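One letter stands for each residue in the lines below.
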Amino acid sequence: MKQWQKIILGAVVVSLMGQSVHAQNFSEIKPAPQQVAWQDLEFGVIIHFSTNTFLDREWGDGTADPKIFNPTNFDPDQWMQAIKASGAKYVVLVAKHHDGFCLWPTEQTDYSIKKSPWKNGTGDIVGDVARAARKYGLKFGVYLSPWDRHDPRYKDAVAYDKYYLSELEELASNYGDLVEFWLDGAGSAGHVYDFKKIIETLRTYQPNTTVFADTGLFEYGDARWVGTESGRVPYENWNVIDRHGFLRWRPVEADTPLRNLHWFWHPNDEASVKSLDELLTTYDQTVGHGAQLMLGLAPDTRGLLPDSDVARLKEFGDAVHERYAHNLSLGHIGGTQEQTAALDNDPDTFWSAPTGSHHAILEVNFPKPITFNRSLTMEWLNDGQHVQKYAIEAWDGKAWKHVAGAEAIGHKKIDTFDPVTASRVRLNILSSSAEAHIREFQLYSIPEAKP
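Quick look at the structure, then.

The rules we used
- Residues numbered from 1 in each chain as written.
- Predicted model: local features only at pLDDT ≥ 70, side-chain atom pairs only at ≥ 80, totals over all residues.
- Heavy atoms only, no water.
- Core = buried A, V, L, I, M, F, W, Y, C linked by side-chain atoms within 4.5 Å.
- Buried < 20%, exposed > 50% of the residue type's maximum accessible area, 1.4 Å probe, protein only.
- Helix = DSSP H or I, 4+ residues; strand = E, 2+ residues; numbered from the N terminus.
- Contact = heavy atoms within 4.5 Å.
- Salt bridge = Lys/Arg side-chain N within 4 Å of Asp/Glu carboxyl O.
- Pairing = 2+ DSSP bridges.
- Right-handed = clockwise from strand over helix to strand, strands pointing away.
- Axes fitted to C-alpha atoms, helices over the stretch in contact; angles between N-to-C directions.
- Parallel < 35°, antiparallel > 145°, perpendicular 65-115°, else oblique.
- Left-handed = near helix turned anticlockwise from the far one by under 90°.
- Nonpolar A, V, L, I, M, F, W, Y, C, P; charged D, E, K, R; others polar.

What follows deals with the nonpolar core. Among the nonpolar cores identified, the biggest contains 75 residues, and Met80, Ile83 and Ile125 are the most heavily contacted of them. Considering each element in turn, this core owes the most residues, seven residues, to helix H6 (residues 157-174). Discounting chain neighbours no more than four positions away, the residues touching methionine 80 are Val91, Val129, Ala132, Ala133, Tyr136 and Leu138. Of all hydrophobic cores here, the second largest spans 28 residues; its members include Trp351, Ala353, Ala406 and Phe441.

This is the structure in structure tokens:
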């Protein structure tokens with residue numbers, strides 16, 4: 001082959017490759033297995049505990065003396081018992097916040113618990129929390145802030161990148177499997193982070209960790225930030241997003257603190273603990289909108305979660321459990337074995353619409369009329385997110401009446417509406433990019449539910 005022919009052939013291949021990437025259809029994008037497993041966790045917590053805790057601060061400036069960090073009754077088991085009671089499935093610990101103080105005995109700096117009086121400088125908060133989490137059946141992850149307001153190397157991009165990557169290597173190789181790695185570009189003060197190298201380093205030791213990142217860090221994350229710290233998803237939630245013409249599976253995580261506006265503990269601040277109603281609304285607007293809920297918790301200067309926080313977490317967990325403990329769909333009659341797979345309270349089974357279909361109906365029949373005011377629908381996403389518009393309808397004896405509906409279902413969609421009484425209910429998939437797969441279609445009667 002002549003050189004000019006090679007050049008033309010190469011140009012054609014590049015062109016076709018570009019077309020194939022940019023011509024992707026969102027329904028063809030599928031999650032990685034670890035993304036599927038992570039989305040099934042649904043609810044996690046992020047824990048802020050550092051020198052800020054002892055100085056009544058939210059953002060440290062890097063000047064705090066390590067000697068200030070000295071919890072009097074540190075007990076990660078107490079944290080995990082409260083977290084388990086809340087219904088959360090995983091824990092992310094802030095191993096280093098923006099002030100640069102490290103909660104493990106890193107070999108990279110003395111600005112860590114090695115220089116604190118706690119356990120005479122021999123302790124390891126990260127290790128203790130990781131062990132406690134796993135003891136209670138919770139998965140564990142970390143946040144290592146790229147911004148560092150203490151370390152002088154921060155002004156030298158090359159030197160600081162080496163420092164940061166060395167810290168990341170310690171966390172990624174010494175504390176077992178990490179379910180999630182939080183990544184952001186907060187602060188920065190003009191520093192340009194080497195995100196590519198950060199992910200390469202993490203993946204060397206943790207190939208299955210879900211990387212949480214802002215949508216602006218599109219190519220580096222496996223999950224994306226919702227956009228605010230309000231604890232709600234105010235838009236139709238699609239797992240596939242478009243960035244500069246490239247489509248990627250990037251499910252949403254919505255973070256919000258248990259205490260209004262506060263991620264770290266502050267004294268005389270009990271009034272800021274969110275009410276049970278606020279937390280239930282948060283759940284409906286995050287998990288109920290197909291997203292991950294990340295609730296911020298803050299131990300106090302004792303090294304314990306405050307009693308008020310522990311009590312609220314248990315109230316929250318109990319309330320969510322009670323709401324979804326009585327699935328009326330279990331009382332259905334008839335239907336095929338495959339249809340029953342969407343009505344059995346088992347998210348590992350699912351009903352599939354006819355192959356190649358773009359519209360389908362899943363009907364549920366009951367021996368006598370039921371009254372319900374809430375539905376919970378889950379889409380099987382292993383093959384992609386397909387449902388583009390759906391309606392929940394009830395038979396009034398003469399016609400099908402619209403009860404609720406929207407566009408996206410995704411991982412989980414909770415719809416709330418005025419009470420409806422019927423013996424026939426259906427999930428009407430009005431439009432789907434390919435055949436729909438439904439893991440669960442559940443109905444509930446919840447007294448406190450509001451439209």
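Picking up where we left off.
With that out of the way, let us pick up the pattern of salt bridges. According to the stated counting rule, one finds 24 salt bridges in the structure shown. The partner of arginine 302 in a salt bridge is aspartate 300, and the shortest N-O contact between them spans 2.8 Å. For aspartate 300, a relative accessible area of 6% gives the class buried. Put simply, arginine 426 and glutamate 393 hold a salt bridge, and the shortest N to O gap is 2.5 Å. One end of the pair, arginine 426, is in strand E15 (residues 413-432); the other, glutamate 393, is in strand E13 (residues 387-395), and 33 residues separate them in sequence. Exposure remark for arginine 426: the relative accessible area of 14% places this residue in the buried category.

Glancing now at unusual backbone geometry. Even without being glycine, aspartate 56 reaches a positive phi, approximately 55°. Tracing the sequence through the fold places aspartate 56 in the loop between helix H3 (51-55) and helix H4 (76-86). Note on aspartate 56: relative accessible area 46%, which makes it partly exposed.

Okay, the environment of tyrosine 136 next. Mapped onto the elements of the fold, tyrosine 136 is located in the loop between helix H5 (125-135) and strand E3 (139-144). Here the alpha-carbon distance between tyrosine 136 and leucine 276, two residues 140 residues apart in the chain, equals 24 Å. Contact partners of tyrosine 136, with chain neighbours within four places excluded, come to Asp77, Met80, Gln81 and Lys84.

As a further point, take the pairing of strand E2 (residues 90-96). Among the seven residues that make up E2, seven are buried, leaving the element largely enclosed by the rest of the structure. Pairing between strand E1 (residues 43-47) and E2: four bridges, direction parallel. What sits directly across from glycine 44, in E2, is tyrosine 90. In terms of strand pairing, E2 meets E3 through six bridges, oriented parallel. By the bridge assignment for E3, tyrosine 90 is matched with lysine 139. This β-α-β element, E2 to H5 to E3, shows right-handed connectivity.

A word on the side chain of serine 86. With respect to the helices and strands, the residue serine 86 is situated in helix H4. Excluding residues that lie within four positions of it along the chain, serine 86 makes contacts with Phe43, Leu313, Phe316 and Gly317.

Right, let's get into the packing of helix H8 (residues 276-286) against helix H9 (residues 307-323). Between H8 and H9, the least distance of the axes is 10 Å, while the angle of their chain directions is 50°. The angle between H8 and H9 falls in the class oblique. As H8 packs across H9, the resulting crossing turns out to be right-handed. Contact with H8, carried on its side by Leu276, Leu279, Leu280, Tyr283 and Asp284, involves Arg312, Glu315, Phe316, Ala319, Val320 and Arg323 of H9 and no other residues of that element. In the contact of H8 with H9, the residues fall into seven nonpolar, no polar and four charged.

Strand order in the open sheet formed by six strands is E11-E16-E12-E15-E13-E14, and the pairing between neighbours is antiparallel. If you trace the sheet from one side to the other, it starts and ends with strand E11 (351-352) and strand E14 (400-406), each paired once. Here E13 runs beside E15; their pairing, made up of seven bridges, is antiparallel. The residue of E15 that forms the bridge with lysine 389 is serine 431.

If you want to describe how two helices pack, look at the angle between their axes and the distance between the axes. Their axes nearest at 6 Å, the elements H4 and H9 cross at an angle of 30°. Taken together, the axis directions place H4 and H9 in an arrangement best described as roughly parallel. Listed contacts from H9 to Gln78, Ala82, Ala85 and Ser86 of H4 are Val310, Leu313, Lys314, Phe316, Gly317 and Asp318. Residue composition of the contact of H4 with H9, grouped by class: five nonpolar, three polar and two charged.

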